[in-house]
Amino acid sequence: MLLLLIVRRLFLTIPTLFGVALLAFLLVHMAPGDPALAALGLDADGAWLITEADLVRVREDLGLNKPIAQQFGDWVWRALQGDFGRSYVQNTEVTRMVLKALPTTMILLCLTMGSAIVIGCTVGVLSAIYRGRTIDYVARFISILGVSTPTFWFALLLIWSLAYLVPIFPMNGPIARHGMIAMVLPTMALALHPAALIARMMRSSMLEVLSHDMIRTATAKGLTKRRVYFVHALRNAVNPVITVVGFQFANLMGGAVAVEFIFSLPGLGSLLIDSIYQKDVLVMQGAVLLIGVVFAASNLIVDLLYMIIDPRVRL
Amino acid sequence: MSQTASEYEGRAGAHRTSLVRARESFAIFLSKPLNAASFALTASLCLIAILAPVLAPYPYDAIDLAKGLTPPSWDNLLGTDTAGRDIFSRLLYGARMSLQIALVTVAFGMLVGVTIGAVAGYFGRWVDEVLMRIVEIFMAVPGIVMALALVAVLGPSIPSIILALSIRRITQFARVTRGAVLSVKTMDYISACHALGMSHPRIIFGHVLPNCVGPLIVLSSVLIGNVILTESALSFLGMGIQEPTPSIGTMIASGNEFLTFAPWISLFPGLFLLLVMLGFNLLGDGLRDHLDPRDGNVS
C-alpha cells in the first residue's frame, strides 16, 4: 500500500518536471529579438559584432529552424541525456558548469536545513513548554524578527559583525579555499528564516497537542514530564512541522541564490547570477532547469518522508 | 466572514450594513496591542511613501561628492553614500517606490489569481484540473529564481519587474481563492442562488467571492510584505530597480563593498526593510487570527 502511494507520488513529479523544463526552455525564446543572438549573449545592438554566417550556424546548432514544439522535444530529450548544450559566451559545456556548481548548493542547503530544524524545533518546544514565561516571550520575539529579516541583509550583517568587527569567520570564499568554516556564515544567514518559521510552527503545533486529553491521561498515569513532552506530545506535534520544513526547503533554493552570491560560493545561485550578468542565456537556462529539479526533488523527499512518518497519510 | 450569508438568513442584525460591521470588526482587531502596533507600522510606511517628497530633507539624487561616505549626523540622519547622497532621503523615496510596485503587483496578482481560482473552484471538474495544472507549472521554479530569470530576459524595467513578481502572486491568489470557493460553494445559500436561476458570473462575483474575502485579506497583507522583500532582493542582485532611482535593495547592495568603513550604507536600509516586513508579518498574523472563522471571534 505504501509502495503504491510512493509510486503514485513519483508519477506526480513528472508534470512538475515538465513545467520546469517548459519554463526553462521558454526563457531563451521569451527574450525580445532573435534567440540565436540571445544565445550568443548579444542584444539587437550587438548584432554587428557577428556575421550572418555565424548566426546561421548558431540557428542550425540550436535547431532554431525547426518548429517550436519539436525544438522543445529535442531539447528535453538531450537534457534527459545530460546534454544542456554548449555556452557560446564561455565556450564550455553547460552540463559541466551546472554539475560543478551543484555540490556547493547541496551542501549549503543540507547544512541550513539541518541546523534550522534542530534550532527551530528546540526553540519551538521550549517556547510551548514554558508558555507565557520569559523564555517564551524571548523566543517568540526572536522568531518573528527572524521571519521578518531579509536574508541578504542578514548575510551582510553577519559579515560585518562576525568577519570584520570580530574576525572569527572568513568574509567570503569557497570551501576549496577555507575548508568547511567557509560555510558557517552562509548557513547562519540562510537558516535564520526557516529556523524562525519552524519554531513558530513547532510552538503552535505543540501547544495544540498539549491541550489534548491524551496528554492529561499520560500525566495522570504518572509519567514523568519529560516523557510526556518528548515522547507523547512531540511525536504528535511534529507532522505540521514537517509540512513547513517542506515548504521551507523549497523556498531555501531561492534564498540560496542571494547567499551564494554574497559569500562568493560557487553554487547554482552564483552560476545563475553570473550567467545573467554575462547575458549567457544557455547557462541561465541550465541553472534554472537544475534549480527547478532540486526544488521538485526536495518537495518529493519531504512528501515521501511525510508518508513514512505519519501513518494517517497512508490511509 | 459571513456577511452576505446572514443577510440572506435574515437573522437579527441583518439591518446593519456590512460597512458598519466591517468597522466594528476593525475596532475589535485594533484593540489588541500587537495588532495596533502592526497597523501603526504599516500605516506609517504608507504615510512615509506618500509624504516622501515632503519629508525628505534632500532630493534623492542630489550628489555632493565632498560629503561622500559621511557617517550619520544631524545634517544627514543616516549618513551618506559614496556619491554623498543622503541615505535618509533616498530611503524615503525607496520606500515609496517599493510600496508602489508592491501594491500594483499584488493588485494585478489578485485580479488575475482570484479570477482563475474562483473559476477553477466554482466549476470544478476539468476546468479546475486544467487551470490548476497550469498554475502548478508556474510554481515549479522558486519565485525569486523565476523572477530573476524573467527580468534578465525581459530587461530590468519597472513593468517587467512587476510582471515577474506578479506571476508568483497569481498562483498564490489562485490557490487560496480556489480553496475558499470550494468550501463556500457547498453552502445552502449558494444552492438557493442556483434555484433562483442566477447566472454563473453573478453567483461567483455576487455571492461566492464576497464570502471568501477573509483569507484574501490575510493573503494580500502577507503578499505586500512578500513582494517588497522579493523586489528588494531582485534590486539587491542587480535585476530590479536601476540607479539612480532609489530602492532599498540597491541601497543595501551599494553598501556591500563599503561594509568595513561605511556600514551605515547597508545597515540602515536593511533595518528599515526589517521593520516593514515585521509590520506586514504581524499584520498578517493578526488578521489571520481575527478573520479565521475557526476561532469564531468574528460575528
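In this text, all values refer to a predicted model and were calculated from it rather than measured experimentally. (Residues numbered from 1 in each chain as written. Chains lettered and ligands numbered in written order. Predicted model: local features only at pLDDT ≥ 70, side-chain atom pairs only at ≥ 80, totals over all residues.)

### What to know about the overall build of chain A
The test is simple: By the criteria applied, helices consist of DSSP H or I runs no shorter than four residues and strands consist of E runs no shorter than two, each listed in order from the N terminus. Residues are called buried when their C-beta atom has 20 or more other C-beta atoms within 10 Å, exposed when it has 12 or fewer, and partly exposed otherwise; all C-beta atoms are positioned from the backbone. We call two residues in contact if the C-beta atoms placed from their backbones are at most 7 Å apart.
Scanning chain A from terminus to terminus reveals 14 helices and two strands. When its C-alpha atoms are laid out on the principal axes, chain A stretches across 85 × 55 × 30 Å. By residue count, 41% of the 315 residues in chain A fall in the buried class. Pairs at least 24 residues apart make up 70% of the contacts formed inside chain A by residues separated by at least 6 positions.

### Description of the overall build of chain B
Across its full length, chain B holds 12 helices and zero strands. A principal-axis box enclosing the C-alpha atoms of chain B has dimensions of 75 × 45 × 25 Å. The buried share among the 299 residues of chain B stands at 47%.

### Focus on the interface of chain A and chain B
Put simply, the test is: The nonpolar class holds Ala, Val, Leu, Ile, Met, Phe, Trp, Tyr, Cys and Pro. Asp, Glu, Lys and Arg form the charged class, and all remaining residues, Gly among them, are polar.
Contacts between the two partners involve 37 residues from chain A and, on the opposite side, 32 residues from chain B. Put simply, the parts of the chain that give the side of chain A that touches chain B at least two residues each are α1 (2–30), α6 (134–148), α7 (151–165), α11 (225–262), α12 (268–277) and α13 (281–309) of chain A. Sorting elements by how many residues they give to the side of chain A that touches chain B places α1(A) first, with eight residues. Counted by class, the side of chain A that touches chain B contains 30 nonpolar, seven polar and no charged residues.

### Describing the nonpolar core
Stated precisely, the cut-off is as follows: By our criterion, buried Ala, Val, Leu, Ile, Met, Phe, Trp, Tyr and Cys residues that link up through C-beta atoms within 7 Å make up a nonpolar core.
Counting 177 residues, the largest nonpolar core has A:Ile198, A:Leu272, A:Val288, A:Ile291, B:Val145 and B:Leu148 as the members making the most contacts within it. It is helix α4 (residues 87–123) of chain B that contributes the most residues to this core, 17 residues altogether. Look past the residues within four positions of A:Ile198 in its chain and what remains in contact with it is A:Ala116, A:Ile117, A:Gly120, A:Cys121, A:Gly124, A:Val241, A:Val244 and A:Val245.

### Side note on the environment of A:Gly267
Residue and element names in this part refer to chain A. Considering the arrangement of structural elements, one finds Gly267 in the loop between α11 and α12. Overall, the presence of 27 C-beta atoms within 10 Å leaves Gly267 in the buried class. In the structure, Gly267 is positioned 264 residues away from Leu3 in sequence and 34 Å away in space, judged by C-alpha atoms. The contacts of Gly267, once residues within four sequence positions are left out, are Ala101, Thr104, Thr105, Leu108, Ala256 and Glu260.

### Structural notes on helix α9 (residues 200–208) of chain B
Residues and elements named next belong to chain B. Basically, it comes down to this: Directions drawn from the helix axis to the C-beta atoms are what define this arc.
When α9 is considered as a whole, its buried residues turn out to be Ile204, His207 and Val208. Down the axis of α9, the sector holding all buried residues measures 120°, keeping them to one side. With respect to the buried face of α9, the exposed residues turned more than 90 degrees away are Pro201 and Arg202.

### A few points about unusual backbone geometry
Here A:Ser264, not a glycine, exhibits a phi torsion of approximately 45°, which is positive. Structurally, the position occupied by A:Ser264 is in the loop between α11 and α12. The phi torsion at B:Arg125 lies on the positive side, around 45°, for a residue other than glycine. Residue position: B:Arg125 is located in helix α5 (residues 125–138). Owing to 8 C-beta atoms within 10 Å, B:Arg125 belongs among the exposed residues under this scheme.

### As for the confidence of the model for chain B
All names here are of chain B. Basically, it comes down to this: What pLDDT conveys is the predictor's confidence in a given residue, as a value from 0 to 100.
When pLDDT is averaged along chain B, the result is 82, and 92% of the positions lie at 70 or above. In this model, residues 295–299 is a region of pLDDT below 50 whose contacts with residues beyond four sequence positions or in other chains number seven contacts. Confidence metrics for the complex model read pTM 0.85 and ipTM 0.83.

### A few points about the environment of B:Arg23
Along the chain, the position of B:Arg23 falls in helix α2 (residues 18–30). Once the C-alpha coordinates of B:Arg23 and B:Met97 are considered, the two residues, 74 residues apart in sequence, prove to be 30 Å apart.

### Details of the packing of α13(A) against helix α6 (residues 143–154) of chain B
Keep this limit in mind: Axis definition: a line fitted to C-alpha atoms, limited for helices to the stretch in contact. Angles are taken between N-to-C directions and run from 0 to 180 degrees. Each angle gets one of four labels, with under 35 degrees taken as roughly parallel, over 145 as roughly antiparallel, 65 to 115 as roughly perpendicular, and the rest as oblique. The crossing is said to be left-handed when, going from far helix to near helix, the turn is anticlockwise and less than a right angle, and right-handed when the turn is clockwise.
At their nearest, the axes of α13(A) and α6(B) sit 11 Å apart, and the two run at 165° to each other. Accordingly, the angle class assigned to the pair α13(A) and α6(B) is roughly antiparallel. You can see that α13(A) and α6(B) cross each other, and the crossing is left-handed. Within the contact between the two elements, α13(A) uses A:Met284, A:Val288 and A:Ile291 and α6(B) uses B:Val145, B:Ala149 and B:Ala152. Among the residues making up the contact of α13(A) with α6(B), the classes are represented as six nonpolar, no polar and no charged.

### Structural notes on the environment of A:Met97
All names here are of chain A. Following the sequence through the fold, Met97 ends up in helix α5 (residues 94–129). Along the backbone, Met97 and Leu268 are 171 residues apart, and their C-alpha atoms lie at a distance of 9.1 Å. If we ignore the near neighbours within four places in the chain, the residues touching Met97 are Thr92, Leu271 and Val283.

### Concerning the packing of α5(A) against helix α9 (residues 184–210) of chain A
The relative placement of two packed helices is expressed as an angle between their axes plus a distance between the axes. Residue and element names in this part refer to chain A. At a minimum axis separation of 6 Å, α5 and α9 run at an interaxial angle of 35°. The interaxial crossing formed by α5 with α9 has right-handed handedness. Residue composition of the contact of α5 with α9, grouped by class: 22 nonpolar, six polar and two charged.

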